Amino acid sequence: MAIIKVQKGTKDILPSEMPVWHFMEEKANEVFSKYGAKEIRTPIFEATELFARGVGDTTDIVNKEMYTFEKSERSLTLRPENTAGVVRAFIENGMHRLSAPVKLWYKGPMFRYERPQAGRQRQFHQVGVEVFGIKQPSADAEVILMAVNYLKALGLNDLSVELNSLGCPECRENFKTKLKAVIKQYLNELCPDCQSRYEKNPLRLLDCKVEECKAIYAKPEIQEVIQSDFICEDCANHFNELKSYLNTLGIKYEINKLLVRGLDYYNRTVFEIKSNNLGSQNAVCGGGRYDSLVKNLGGEDIPAIGFAMGMERLASLIGNKEEIKTKAFVVSNNMEEALKLTEELRQKGYSCEFDLTNKKFVKQLEKASKVAKYALILGEDELKAGEVTVKNLDTSEQKTVKREEIELI
Ligand code: ATP
Ligand code: MG
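Computed from a predicted structure; not experimentally measured. (Residues numbered from 1 in each chain as written. Chains lettered and ligands numbered in written order. Predicted model: local features only at pLDDT ≥ 70, side-chain atom pairs only at ≥ 80, totals over all residues. Heavy atoms only, no water.)

*Asks:* Sorry if this is basic, but what is going on with the site of ligand 1 here?
*Replies:* The immediate surroundings of ligand 1 are formed by 15 residues, with R112, E114, Q121, R261 and A283 found nearest. A distance of 2.8 Å is found between an oxygen atom of ligand 1 and a side-chain nitrogen or oxygen belonging to R112. Between an oxygen atom of ligand 1 and a main-chain N or O atom of A283, the distance comes to 2.8 Å. Within the complex, 90% of the 580 Å² of free accessible area of ligand 1 lies under protein. Residue contributions to the shell around ligand 1 peak at three residues, all from strand β10 (residues 283-289). (Near = heavy atom within 4 Å. Polar contact = N/O pair within 3.5 Å; in protein donor to acceptor, adjacent residues only side chain to side chain. Areas by Shrake-Rupley, 256 points an atom, 1.4 Å probe, with all protein chains shown as cover. Helix = DSSP H or I, 4+ residues; strand = E, 2+ residues; numbered from the N terminus.)

Right, dumping it as structure tokens:
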């Protein structure tokens with residue numbers, strides 16, 4: 001019969017890869033807890049409208065990449081990202097009543113119908129943080145610090161932080177007008193996506209990955225507009241304070257005026273962290289401030305800032321981690337006693353296995369040396385004396401001890 005294969009753009013995460021995933025997950029809990037963040041888990045599917053309103057209906061994510069289906073006349077969507085879901089949960093559970101800041105972190109699978117390639121899947125995983133309730137740039141600095149320190153805890157170096165300010169809706173409007181004016185004459189030469197972005201969301205023009213468009217945006221008269229300081233005084237003060245906090249913290253960053261991020265909801269601070277060791281999909285982290293999202297989704301007027309990281313991209317940078325071996329393997333031809341001793345060891349807190357097929361003694365020992373750190377030998381003599389021979393399979397040292405006194409390190 002024909003075998004059924006894993007779907008395009010999705011992957012099994014096999015036991016041999018699990019140590020890296022556990023490492024990323026444990027470090028997330030460890031690092032984010034230090035900043036007072038608590039984990040939240042929201043459903044994998046939500047009302048389609050949440051993403052249309054929360055991510056923005058001019059984005060690629062909403063227009064092209066969502067897995068949407070209908071059940072009982074409801075339109076549902078597999079989450080393409082988790083910010084909208086976390087904001088929905090924040091509002092629905094009245095978390096604005098908690099004392100600010102409310103710091104939440106999450107991890108889990110996301111779904112986007114994209115063209116699969118290295119570092120880009122249709123089901124992938126993100127780990128992320130959202131901080132609610134603080135409008136001051138100290139929160140921006142803390143969120144960037146959380147991202148940087150998490151990456152450090154994973155042992156990742158050679159990363160660069162890129163920073164930009166998109167200003168507020170007011171100062172951005174001004175910028176959009178200038179940008180549209182200077183790009184207008186090239187409109188026919190732009191890709192179809194950019195032609196529609198031009199009307200719907202001109203800022204996103206700068207995010208285009210098409211070479212011909214990039215070449216146009218590199219023209220001096222367009223660059224002059226892009227590089228100009230368009231943000232208002234309040235936004236500039238916010239940005240300057242953030243930069244000065246980052247300087248104090250010793251976090252290196254570069255200003256990238258082309259950084260607009262893919263989602264519609266950002267204002268003021270946006271940032272990305274890129275690896276110099278990945279191919280073209282080199283962004284490991286994207287984030288920014290989204291002061292109007294809670295309100296737009298029907299909540300109070302609560303500012304927020306957060307980031308998300310792609311865990312597959314992190315995993316490929318971390319490389320392999322050794323699988324953890326079983327602590328002990330009981331070697332004995334007395335099945336009942338082997339079963340009992342194995343369970344005794346598990347009750348003591350050790351991982352322990354024995355040969356379920358009762359093979360010859362030598363075969364059992366061979367198996368033990370493959371999978372375990374210690375062989376616990378239970379022969380006739382040991383059984384009579386109530387003892388066990390503990391053999392360290394790395395060093396071949398062995399000693400016989402009382403069964404109750406087994407201690408393994
Ligand atoms: P990109 O420019 O790489 O498409 P994005 O702007 O769509 O990224 P975000 O939505 O901000 O990315 O997601 C944050 C992070 O999640 C990215 O920096 C990346 O590491 C990861 N990511 C996004 N889409 C995918 C995907 N399809 N497969 C694997 N990782 C992804
Ligand atoms: Mg994308």
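*Asks:* Explain the pattern of salt bridges here, please?
*Replies:* Between side chains of opposite charge, a pair can form as their charged atoms come close. Tallied over the entire structure, the rule returns 27 salt bridges. As a salt-bridge pair, R88 and E92 come within 2.7 Å of each other at their nearest N and O atoms. Of the two residues, R88 and E92 are both situated in helix α4 (residues 83-92); the distance of four residues between them amounts to about one turn of the helix. What makes R88 partly exposed here is its relative accessible area of 21%. Linking K274 and E162 is a salt bridge whose minimum nitrogen-to-oxygen distance equals 3.1 Å. With K274 in strand β9 (residues 267-275) and E162 in strand β7 (residues 159-165), the pair connects residues that are 112 residues apart, well separated along the chain. Across the pair, E162 and K274 agree in class, each one buried. Here the residues in one salt-bridge network are D60, K64, D193 and R197, joined through shared partners. (Salt bridge = Lys/Arg side-chain N within 4 Å of Asp/Glu carboxyl O. Buried < 20%, exposed > 50% of the residue type's maximum accessible area, 1.4 Å probe, protein only.)

*Asks:* Hey, could you run me through the sheet that holds strand β4 (residues 74-78) in this one?
*Replies:* The antiparallel open sheet is built from three strands, whose spatial order is β2-β4-β3. Every other strand in the sheet has two partners, leaving β2 (45-47) and β3 (67-71) as the edge strands with one partner each. This sheet shows a mean twist of 35 degrees between the axes of neighbouring strands, independent of strand direction. Where β3 and β4 come together, five bridges link them in antiparallel fashion. Within β4, the position partnered with E70 by the bridge is S75. (Pairing = 2+ DSSP bridges. Axes fitted to C-alpha atoms, helices over the stretch in contact; angles between N-to-C directions.)

*Asks:* Is there a simple way to think about the packing of aromatic side chains in this case?
*Replies:* What describes a pair of aromatic rings is the distance from one ring centre to the other and the angle between the planes of the rings. This structure, assessed with the given rule, holds nine aromatic pairs. Between the aromatic rings of F90 and F132, the centroid separation amounts to 4.1 Å while the plane-to-plane angle is 15 degrees, which identifies the pairing as stacked. With F90 in helix α4 and F132 in strand β6 (residues 123-132), this pair connects stretches of sequence that are 42 residues apart. You can call F90 buried: its relative accessible area is 2%. When its relative accessible area of 1% is taken as the criterion, F132 is described as buried. Through pairs of rings, three or more aromatic residues link up here, namely F32, W105, Y150, F271 and F307. The aromatic ring of F23 is capped on one face by K321, whose charged end is 4.3 Å from the ring centroid. (Phe/Tyr/Trp six-rings, centres within 6.5 Å; stacked < 30°, edge-to-face > 60°. Lys NZ or Arg CZ within 6 Å of the ring centre and 35° of its normal.)

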